[in-house]
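Spelled out, the chains give:
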Amino acid sequence: MDPDAVAKAFVEHYYTTFDTNRSNLGNLYQDASMLTFEGQKVQGAANIVAKLTGLPFQQCQHAISTVDCQPSGAGGVLVFVSGNLQLVGEQHALKFSQMFHLMPTPQGSFYVLNDIFRLNYA
């Protein structure tokens, strides 16, 4: 397993899906998965999708600046992302950071065990 290749493919898939149809992100999470979004903790795939689809904007565009990754225990991959989030109708993009802990599935793919998202205010 090449952690860099896993991270690159995951980040591309995640943000493309987020920007086009957030409700399709559910298959990336499992019941044990946890999202911390701006300090609010949500557990389980259905609850995470409900949180993401309930955000107060319909459309957005992520522009990724950096992707850093490390292998973690049990075949997992830690992925740290930073970039800009452009909301429709807003003049200025918001800066964000997001961390994912990807874990392998028996089928040979990965799911998100942990997901932490923060806006970066200057």
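These lines cover the structure that appears in this document, whether it is placed above or below. Since this is a predicted model, take the numbers as computed values, not measurements.

**Quick word on the overall build of the protein**
Summing up its helical and strand segments, the protein has two helices and six strands in all. Along its sequence from the N terminus, the protein presents helices and strands in the succession α-β-β-α-β-β-β-β. The C-alpha radius of gyration of the protein comes to 14 Å, within 12% of the 14 Å expected for a compact globule of 122 residues. Over its C-alpha atoms, taken along the principal directions, the protein stretches across nearly 45 × 30 × 25 Å. Residue burial in the protein is summarised as follows: out of 122 residues, 42% are buried. Sequence-distant contacts, at least 24 apart, represent 45% of the contacts inside the protein between residues at least 6 apart. Summed over its atoms, the accessible surface of the protein is roughly 6,800 Å², and 53% of this surface lies on carbon and sulfur atoms.

**What to know about helix α1 (residues 3–20)**
In a regular helix each residue adds 1.5 Å, so 18 residues correspond to 26 Å; α1 covers 26 Å between its end C-alpha atoms and thus fits that length. Along α1, the residues classified as buried are Pro3, Val6, Ala7, Phe10, Val11, Tyr14, Tyr15, Thr17, Phe18 and Asp19. Where the residues of α1 are buried, they touch β1 (29–37), α2 (45–53), β3 (60–71), β4 (77–87), β5 (94–104) and β6 (110–120). Between the side-chain oxygen of the N-cap and the backbone nitrogen of Asp4 there are 3.1 Å, and the N-cap of α1 in question is Asp2.

**Regarding the sheet that holds β4**
Judged by pairing direction, the sheet is mixed, and its six strands sit side by side in the order β2-β1-β6-β5-β4-β3 without closing on themselves. Of all strands in the sheet, those bounded by a partner on one side alone are β2 (40–43) and β3. Adjacent strand axes in the sheet meet at a mean angle of 15° when their direction is disregarded. For β1 and β2, the ladder comprises four bridges, and the chain directions are antiparallel. Residue pairing across strands places Phe37 opposite Gln40, the latter belonging to β2. On top of the sheet, α1 reaches β1, β3, β4, β5 and β6; it is set at about 160° to β3, its chief contact. Across the sheet, α2 touches β1 and β2, and the angle it forms with β1 is around 35°.

**Some words on the packing of aromatic side chains**
One pass over the structure, following the stated rule, counts nine aromatic pairs. Residues Tyr15 and Phe100 carry aromatic rings whose centres are separated by 6.3 Å and whose planes lie at 70° to one another, so their mutual orientation is edge-to-face. With a gap of 85 residues between them, Tyr15 in helix α1 and Phe100 in strand β5 connect regions that are remote in the sequence. For the pair Tyr15 and Phe100, one class covers both residues: buried.

**What to know about the environment of Ala46**
Tracing the backbone shows Ala46 in helix α2. When the C-alpha atoms of Ala46 and Tyr29 are compared, they prove to be 8.5 Å apart, with 17 residues separating the residues in sequence.

**Some words on unusual backbone geometry**
Leaving glycine out, the prevailing phi sign among residues is negative, and the prevailing peptide bond configuration is trans. In this structure, Glu38 is a non-glycine residue whose phi angle is positive, near 55°. Position of Glu38 among the secondary structure elements: in the loop between β1 and β2. Judged by its relative accessible area of 28%, Glu38 falls in the partly exposed class.

Criteria and thresholds
Residues numbered from 1 in each chain as written. Predicted model: local features only at pLDDT ≥ 70, side-chain atom pairs only at ≥ 80, totals over all residues. Heavy atoms only, no water. Helix = DSSP H or I, 4+ residues; strand = E, 2+ residues; numbered from the N terminus. Rg over C-alpha atoms; globule rule 2.2 N^0.38 Å. Buried < 20%, exposed > 50% of the residue type's maximum accessible area, 1.4 Å probe, protein only. Contact = heavy atoms within 4.5 Å. Areas by Shrake-Rupley, 256 points an atom, 1.4 Å probe, with all protein chains shown as cover. Expected span 1.5 Å × (residues − 1). Polar contact = N/O pair within 3.5 Å; in protein donor to acceptor, adjacent residues only side chain to side chain. Pairing = 2+ DSSP bridges. Axes fitted to C-alpha atoms, helices over the stretch in contact; angles between N-to-C directions. Phe/Tyr/Trp six-rings, centres within 6.5 Å; stacked < 30°, edge-to-face > 60°.

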